[in-house]
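The primary structure of each chain is shown beneath.
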Amino acid sequence: MDLRDISQKLEAELSKLFEELRSGIAAREDSRAFGAMIEHRIKRNWKSICSQCGVEPIPIPGKKTIYDFGFKIDGRIVGVDAKTKDVDSKKYSDGGICSVRNLLKFLVSDQGQFIIAEFGHKLSAKGAKKRDLEYIRVAPFTMLPARAYRIENLGTGQLRLDCTINEVWNEVAWSRDIKEFYNLFTVLAMQHYRKVGQVAQRRLKSMESFQQSGYAQFKLK
């Protein structure tokens, strides 16, 4: 399975689907509504997109999956997560992906592949209340540079993108195989869990001190 080729074909088809938004025709003034419009249009055209890419579409998944759209190729599922980025904002607030557990379950147990389709959008003009599509970038999640990954302490660890696909586009490791990704990712995950464990131990000691003081003094470390 050539993930670079698949990503390029998908990006080309999505670009065709949203061509009028890239030509200065504004749509949806609210950033959240714009993102919902993007997802809805892809959903309506997903079978056609897959046909043009030469892959087999699968039914639109439920909310508990880590991807928004999917298809099969060589008997394996490729999940596509559609992300929108407000280019006018300096903060990347749309970076949430899924838990570490769910990502590895999909990649290892389900033998799936995971692709991010990122849509950058901005206000049409200063003072405008409508938005235009600035760019579309499609890349395999497992081929992003190490600096793009971040794990937060939620449950088994919440995986996030620390920057946009567009920002690291020239750093995408198109030749990276899945074992190379696991080498990178497991180190990142272990560093996170060690840090979480150290914090948990400090907080445990704080609670023990609180109990030993007869609940008179409390300081969370």
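Residues numbered from 1 in each chain as written. Predicted model: local features only at pLDDT ≥ 70, side-chain atom pairs only at ≥ 80, totals over all residues. Heavy atoms only, no water.

Visitor: It is not clear to me how the environment of Val168 should be interpreted in this structure. Could you clarify?
Guide: Here Val168 shows up in the loop between strand E8 (158-161) and helix H4 (178-212). A sequence separation of 20 residues divides Val168 from Ala148, and the C-alpha atoms of the two residues are 7.6 Å apart. Leave out the neighbours within four places in its chain, and Val168 touches Pro145, Arg147 and Cys163. (Helix = DSSP H or I, 4+ residues; strand = E, 2+ residues; numbered from the N terminus. Contact = heavy atoms within 4.5 Å.)

Visitor: In this structure, what is going on with the packing of aromatic side chains? I would like to understand it.
Guide: Aromatic rings in a pair are described by how distant their centres are and how their planes are angled relative to each other. Counting across every chain of the model gives 12 aromatic pairs. Taken together, a centroid distance of 6.2 Å and an interplanar angle of 70 degrees make the contact between Phe141 and Phe181 edge-to-face. On the criterion of sequence distance, the pair formed by Phe141 in the loop between strand E6 (131-140) and strand E7 (149-152) and Phe181 in helix H4 is long-range, its members being 40 residues apart. Taking relative accessible area as the criterion, Phe181 reaches 0% and is therefore assigned buried. Ring geometry for Tyr149 versus Phe181: centroids 5.8 Å apart, planes at 75 degrees, classification edge-to-face. Separated by 32 residues along the polypeptide, Tyr149 in strand E7 and Phe181 in helix H4 bring together distant segments of the chain. Each member of the pair Tyr149 and Phe181 is classed as buried. Cluster of aromatic residues (ring-pair linked, three or more members): Phe114, Phe141, Tyr149, Phe181, Tyr182 and Phe185. (Phe/Tyr/Trp six-rings, centres within 6.5 Å; stacked < 30°, edge-to-face > 60°. Buried < 20%, exposed > 50% of the residue type's maximum accessible area, 1.4 Å probe, protein only.)

Visitor: Looking at this structure, I do not really get the side chain of Ser99. What am I missing?
Guide: Residue placement: Ser99 occurs in strand E4 (residues 96-99). Assessed through its relative accessible area of 15%, Ser99 is described here as buried. Dropping the residues within four chain positions of it, Ser99 is found in contact with Thr156, Gly157, Gln158 and Leu159.

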